[in-house]
Amino acid sequence: MAASKGAPDLYSSFLSSAPGAFIAKQAGLPQPEHLRRYKAGEPPLAGPIVIGGAGRLVEPLRALLSDYVTAQPHDDRYGALVFDATGISQVTELVGLFEFFQPVIRNLAPSARVVVLGTTPEETSGVDEQIAQRALEGFTRSVGKEVKRGATAQLVYVSPKAATGLSGVESTLRFLLSAKSAFVSGQVIRVGAADSVAPASWDKPLEGKVAVVTGAARGIGATIAEVLSRDGAHVVCADIPAAGAELSDTANKVGGTALALDVTAEDAAEKLAAHLLERHGGADIIVHNAGITRDKTLANMDEARWNMVIGVNLLAPQKITDHLVAKGALKEGGRVVDVSSIAGIAGNRGQTNYGTSKAGVIGLVQATAPVLAEKQITINAVAPGFIETAMTAAIPFATREAGRRMSSLLQGGQTVDVAELVAYFASPASNAVTGQIVRVCGQSLLGA
Ligand code: NAD
């Protein structure tokens, strides 16, 4: 941990940097809003939903959201504004966004949600429609930067081939229109054409499922294990042998199993497959969360640091998934969730090895999704931004503050925010969602 706190050169270079200037500009603004997070039994939203737009989805949307409290655009505080933009087939019709949102956008409750639904641009029927649908991204991302008090904005592209009942998009909407998506903002999620079956209970969607979480001894991985267990899964918690005591704590806490496993060991994939097949007849979910940093600028990097980071963060998830699928230890209809990072999107000084590995994870998800689809297995990645963990607590003060504040939500995320996104991907009802990279970063300015 190189930098000494408060060194004058560090401070002045911080102030002259883009993050420093940004924070200076923010000075005097109110404290970041306390974000509403999921609590069993509490309503998903802090107020009623207003639904607008005039596309192919608006009527099914009303039916789907019928158990939410709805409102007309005259009530004063909205929990969510949902707009069906699939009817927009040319640029001049984008004014419909303005007409719906402009009069009501001031009236959001704390932690409100803005969700726009569009048609996947690559699947539109003509040039004009593709342009207009692609334009929705700039609208939602900009709204995310303007709304205050913990509100978020997202865009959901739905395949035009999706059945009108919209069952395939329900898990996505339930996630976005809830306190579970507290730290996800400015994101675009593409939902495919497949229908889905709603789980018996949306509070326990993983009932009867077996999940593996690597790097589960502490940090984000331990919280992922807790959330998957909360949602009903039996969790096999894996971590390096040296993390044994912490790993047992996690496994005991979630009523799961502890498995000592270095994901880079030569026989890691075989060992995991054998464990899953013998004990459980296979797993339904694997979360490749284990990850390391070994930071040095490229000029000062040695090959061992390079290889270690690529090995844990990228090669291991690829090898393990391949082997589990080949052996049937990840069942048909399974879920693979990888953990990328915004460093894999934006790059980061001192992290050529880490940035490479995390960008590689994005490639892994995108390249593998069509292949795994043959077995109805989905693969998606979460890309965390600044999350409050032991890792980020060790970052020098100024850089840490910059990481926290350089986002629309003006704060760092909690490990549970990453875990909720993982749980959404892991849900059996998310079968129409694959090949997606979703950031959980409070709409960080990095790489946006
Ligand atoms: P952490 O260091 O607190 O936990 C990582 C866990 O992985 C540890 O328990 C560690 O023992 C385990 N692990 C390391 N090498 C392993 C190996 N070879 N085999 C099995 N387990 C191994 O880190 P974290 O902050 O909880 O990060 C979890 C994941 O999230 C990582 O992939 C990380 O790159 C990613 N991430 C974190 C942040 C953040 O802000 N904390 C941001 C972006 C991405």
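Per chain, the residues get numbers from 1 upward, laid out in the order the sequence is written. At least 70 in pLDDT is required for a residue's local features to be given in this predicted model, at least 80 for side-chain atom pairs to be given and counted, and no such filter applies to totals for whole chains, interfaces and linings, which use all residues. The side-chain numbers reported here are obtained from all heavy atoms of the structure, hydrogens and water having been left aside.

- In the annotation of an unreviewed UniProt entry, the protein is listed under the name 3-oxoacyl-ACP reductase and assigned to Rhodococcus spelaei.
- Quoted straight from UniProt, the Sequence similarities (unreviewed entry) entry for the protein says "Belongs to the short-chain dehydrogenases/reductases (SDR) family." UniProt positions are given in the numbering used here, feature names are shortened, and annotations may be inferred rather than shown by experiment.

### Observations concerning the sheet that holds strand β5 (residues 187-191)
1) Next: Overall, parallel pairing links the five strands, which are arranged β1-β2-β3-β4-β5 in an open sheet. Looking at which strands have only one partner, the edges of the open sheet turn out to be β1 (49-53) and β5. With direction set aside, neighbouring strand axes in the sheet form an average angle of 20°.
2) Next: Pairing between two strands requires that DSSP report at least two bridges joining them. Labels follow the DSSP assignment, with helices taken as runs of H or I lasting at least four residues and strands as runs of E lasting at least two, numbered in each case from the N terminus. Alignment of strand β3 (residues 108-119) against strand β4 (residues 152-158), held across seven bridges, turns out to be parallel. Note on definitions: angles span 0 to 180 degrees between N-to-C directions of axes, and those axes are lines fitted to C-alpha atoms, for helices only across the stretch in contact.

### Observations concerning the site of the ligand
1) Next: One heavy atom within 4 Å of a molecule or strand makes the whole residue count as near it. The local shell around the ligand holds 26 residues, among which Arg 218, Ile 220, Asp 239, Asn 289 and Tyr 354 are the closest.
2) Next: What qualifies as a polar contact is a pair of N or O atoms within 3.5 Å, subject to a donor-acceptor requirement within protein and to the restriction that residues adjacent in sequence count only when both atoms come from side chains. Contact between the ligand and Asp 262: a nitrogen atom at 2.8 Å from a side-chain N or O atom of the residue.
3) Next: Burial of the ligand by the protein chains amounts to 93% of its free accessible area of 840 Å².
4) Next: Among the elements of the structure, α7 (219-230), α12 (352-372) and α13 (390-393) are those that each provide at least two residues to the shell around the ligand.
5) Next: Ten residue types, Ala, Val, Leu, Ile, Met, Phe, Trp, Tyr, Cys and Pro, are classed as nonpolar, four, Asp, Glu, Lys and Arg, as charged, and the remainder, Gly among them, as polar. Residue composition of the shell around the ligand, grouped by class: 13 nonpolar, nine polar and four charged. Areas reported as accessible are Shrake-Rupley estimates using a 1.4 Å probe. Residue values count occlusion only from the protein chains shown.

### Considerations on the packing of aromatic side chains
1) Next: The rule is short: rings of Phe, Tyr and Trp, with Trp giving its six-membered ring, pair when the centres are within 6.5 Å, and they are stacked under 30 degrees, edge-to-face over 60, tilted in between. For the structure shown, the criterion picks out six aromatic pairs.
2) Next: Consider the rings of Phe 83 and Phe 101, whose centres lie 5.7 Å apart with planes at 55°: the pair is tilted. Remark: Phe 101 occurs in helix α4 (residues 95-101) and Phe 83 occurs in strand β2 (residues 78-84); sequence separation between them is 18 residues.
3) Next: With a centroid separation of 4.8 Å and an interplanar angle of 0°, the aromatic rings of Phe 175 and Tyr 424 are classed as stacked. One end of the pair, Phe 175, is in helix α6 (residues 170-176); the other, Tyr 424, is in helix α15 (residues 415-426), with 249 residues separating them in the sequence. Accessibility assignment for this pair places Phe 175 and Tyr 424 in one class, buried.
4) Next: Following the ring pairs from residue to residue traces out a cluster consisting of Phe 83, Phe 100, Phe 101 and Phe 139. The classification of residues rests on relative accessible area computed with a 1.4 Å probe and restricted to protein chains. Under 20% of the type maximum is buried, over 50% is exposed, and intermediate values are partly exposed.

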